[in-house]
Amino acid sequence: LIALLFMANFLIYMDRYHIHFPKTEGENWGIGYKKLASFLSQERFSNKRIIMVNGEQSPYIFLLFYQSYDPFYYQKIVKRYPPTSDGFVNVKSFDRFEFPKEIDWPQTLFIQNVLIIAPPNYIPQSIKDNPRRYNRFVIKLPDGEPMFVIMETKKLIEQDL
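Residues numbered from 1 in each chain as written. Predicted model: local features only at pLDDT ≥ 70, side-chain atom pairs only at ≥ 80, totals over all residues. Heavy atoms only, no water.

**Description of the packing of aromatic side chains**
In step 1: Tallying each qualifying case throughout the model produces 15 aromatic pairs.
In step 2: Note on Y33 and F62: the rings are 4.1 Å apart at their centroids and 5° apart in plane angle, and the pair reads as stacked. Within this pair, whereas Y33 is found in helix α3 (residues 31-40), its partner F62 is found in helix α4 (residues 59-66), the two being separated by 29 residues in sequence.
In step 3: Y33 gets classed as buried once you look at its relative accessible area, which sits at 7%.
In step 4: Among the residues examined, F62 registers a relative accessible area of 26% and is labelled partly exposed.
In step 5: Where Y74 meets F94, the ring centres are 5.3 Å apart and the plane angle is 80°; that geometry is what we call edge-to-face. Of the two residues, Y74 sits in helix α5 (residues 71-77) while F94 sits in strand β3 (residues 91-94), which places them 20 residues apart along the sequence.
In step 6: Accessibility expressed as a relative area gives 6% for Y74, which makes it buried. (Phe/Tyr/Trp six-rings, centres within 6.5 Å; stacked < 30°, edge-to-face > 60°. Helix = DSSP H or I, 4+ residues; strand = E, 2+ residues; numbered from the N terminus. Buried < 20%, exposed > 50% of the residue type's maximum accessible area, 1.4 Å probe, protein only.)

**Some remarks on the side chain of E152**
In step 1: With respect to the helices and strands, the residue E152 is situated in strand β7 (residues 146-153).
In step 2: Residue E152 is classed as buried on the basis of its relative accessible area, which comes to 12%.

**Observations concerning α3**
In step 1: If you check which residues of α3 are buried, you get G32, Y33, L36, A37, F39 and L40. The arc enclosing the buried residues of α3, seen along the axis, measures out at 160°, which places them on a common side. Across from the buried face of α3, at angles greater than 90 degrees, the exposed residues are K34 and S38. (Arc of directions from axis to C-beta.)

Such coordinate-based values are descriptive only and should not be taken to indicate function.
Below is the structure:
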């Protein structure tokens, strides 16, 4: 009876850990960051400056990991913010990645050759309602929820002004 209960418990664990958990907790497992790193590795985005909103959640760690970034090179080029009151040091930028504490949305959308990456709830409604100035891509979690919206700024034309 004990062996049977153990086996049942083990099967329930395996089902929850390998089937349900990745779907319901994908955001906490870094699945969205893995997809984002893969997306940003495309050749067509290799020369783009990347501005990532919500830098206080340390997205740079996932980008470094999933893009197999050289740690010695990273240590040479990283720029950091001053330490917080808790003693934590956030990354300001490295290479082509920037992690501003605040973003001026209308101004940033006018910068050319930029990818702006943000969770959907960080994007002002006025920007969501007017997608003419950028191409928009969405990184979704396994449950279908969007984790990141990527906005590629377009070259402005006279009629946009």
